[in-house]
Amino acid sequence: MTNPINILIVDDHPFIIQAYRNALDKYSQQGYEFVVTQANNCKTGYESITEAKVSFDVAFFDISMPEYAEKGIYSGEDLAALIKTEMPNCKIILLTMHTELLKINNIIKNINPSGLVIKNDLTFDELIFAFDKIINNESYYSQTVIKLVGQAQYNNIEMDAFDKQILFHLSKGVKTKDLPQYIPLSLSAIEKRKFNIREILEVKGETDVDLINEAKTKGVI
């Protein structure tokens, strides 16, 4: 008998968690044994990772979930980055509603997950197929992801952690002049980055509200 496979599922939608469990139940008929840990927001997900008694073999994360700002965890993407550090051998599967190319490219670049699935692509059979590939050390990206990353003309669009911090704090109402209190950059460096972000996102309006709205539309924040 093989050792149990330790699974972490972090999603704030009970029906998605149940779908994962159903898929695992079906897969367990092939002789696998799973030990499943569930969490339903960034806080309980963070605690599941940092307080775990064992290393997880596979982790499923929804991208959009209630944040855990005290620990700087604002999404399933942040949890995925955490588990990569804490448990580098864990296979990561991310589930998202986002279909914006910039967001998808950032996920692939920053996390490089074993699996990336757009929710609208998800069916029970698809989930079984994805899990089968990942458990056998292959990668699985759903059809929409494959189509998006095929748009090579956009593949050079990049935003780093500082750019994302700028957008995050602006979205919380922080004024540009006050951003150096939150981000270890000079005001002039932040203003240059804001200009570049506007260029990357092709923001038409002049205000920070226009910038944030475009960033949200494109799935960057």
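Residues numbered from 1 in each chain as written. Predicted model: local features only at pLDDT ≥ 70, side-chain atom pairs only at ≥ 80, totals over all residues. Heavy atoms only, no water.

Chemist: If you had to explain the overall build of the protein chain to someone new, which residues and values would you point to?
Modeler: Summing up its helical and strand segments, the protein chain has nine helices and six strands in all. Scaling as 2.2 N^0.38, a compact globule of 221 residues should have a C-alpha radius of gyration of about 17 Å, and the protein chain matches this with 19 Å. On the principal axes, the C-alpha backbone points of the protein chain span a range of 60 × 35 × 25 Å. The burial tally for the protein chain puts 43% of its 221 residues in the buried class. Considering only contacts within the protein chain whose residues lie at least 6 apart along the sequence, 64% involve residues at least 24 apart. Per element, the accessible surface of the protein chain, about 11600 Å² overall, is 49% carbon and sulfur. Treating the 23 positive side-chain charges of the protein chain as one cloud and the 30 negative ones as another, the clouds have centres 3 Å apart. (Helix = DSSP H or I, 4+ residues; strand = E, 2+ residues; numbered from the N terminus. Rg over C-alpha atoms; globule rule 2.2 N^0.38 Å. Buried < 20%, exposed > 50% of the residue type's maximum accessible area, 1.4 Å probe, protein only. Contact = heavy atoms within 4.5 Å. Areas by Shrake-Rupley, 256 points an atom, 1.4 Å probe, with all protein chains shown as cover. Lys, Arg positive; Asp, Glu negative; His and termini not counted. Charge placed at Lys NZ, Arg CZ, Asp CG, Glu CD.)

Chemist: Help me get a handle on the sheet that holds strand β2 (residues 34–39), residues and values and all.
Modeler: One open sheet holds the six strands; their spatial order is β2-β1-β3-β4-β5-β6, and the pairing between them is parallel. On the outer flanks of this sheet lie β2 and β6 (140–141), each paired with one strand and no other. As defined by bridge partners, strand β4 (residues 91–96) adjoins strand β5 (residues 115–118) across four bridges and the pair is classed as parallel. Following the sheet pairing, Leu95 is matched in β5 by Val117. Of the strands in this sheet, β1 (5–10), β2 and β3 (58–62) are in contact with helix α2 (residues 42–50), which crosses β2 at around 140°. (Pairing = 2+ DSSP bridges. Axes fitted to C-alpha atoms, helices over the stretch in contact; angles between N-to-C directions.)

Chemist: Please give an account of the nonpolar core that cites residues and values.
Modeler: By size, the foremost hydrophobic cluster in this structure holds 29 residues, and its most contacted members are Leu8, Ile49, Phe61, Leu79, Ile83 and Leu94. For this core, the secondary-structure elements that each account for two or more residues are β1, α2, β3, α3 (76–86), β4, α4 (101–110), β5 and α6 (143–149). The element best represented in this core is α3, accounting for four residues. Non-local contacts of Leu94, meaning those with residues more than four positions away in its chain, are made with Phe61, Ile63, Gly76, Ala80, Ile107, Ile111, Pro113, Gly115, Leu116 and Val117. Judged by nonpolar contacts, the second largest core, of 22 residues, contains Tyr20, Phe60, Ile93 and Ile135. (Core = buried A, V, L, I, M, F, W, Y, C linked by side-chain atoms within 4.5 Å.)

Chemist: Give me the lowdown on helix α8 (residues 187–201), citing residues and values where you can.
Modeler: Over its 15 residues, α8 runs 21 Å from end to end, which matches the ideal 21 Å to within 8%, given 1.5 Å per residue. In this structure, the buried residues of α8 make contact with α4, α7 (161–171) and α9 (208–217). Following α8 by one or two positions, Glu202 adopts a phi angle in the positive range, close to 55°. (Expected span 1.5 Å × (residues − 1).)

Geometric descriptors of this kind do not, in isolation, establish any biological role.
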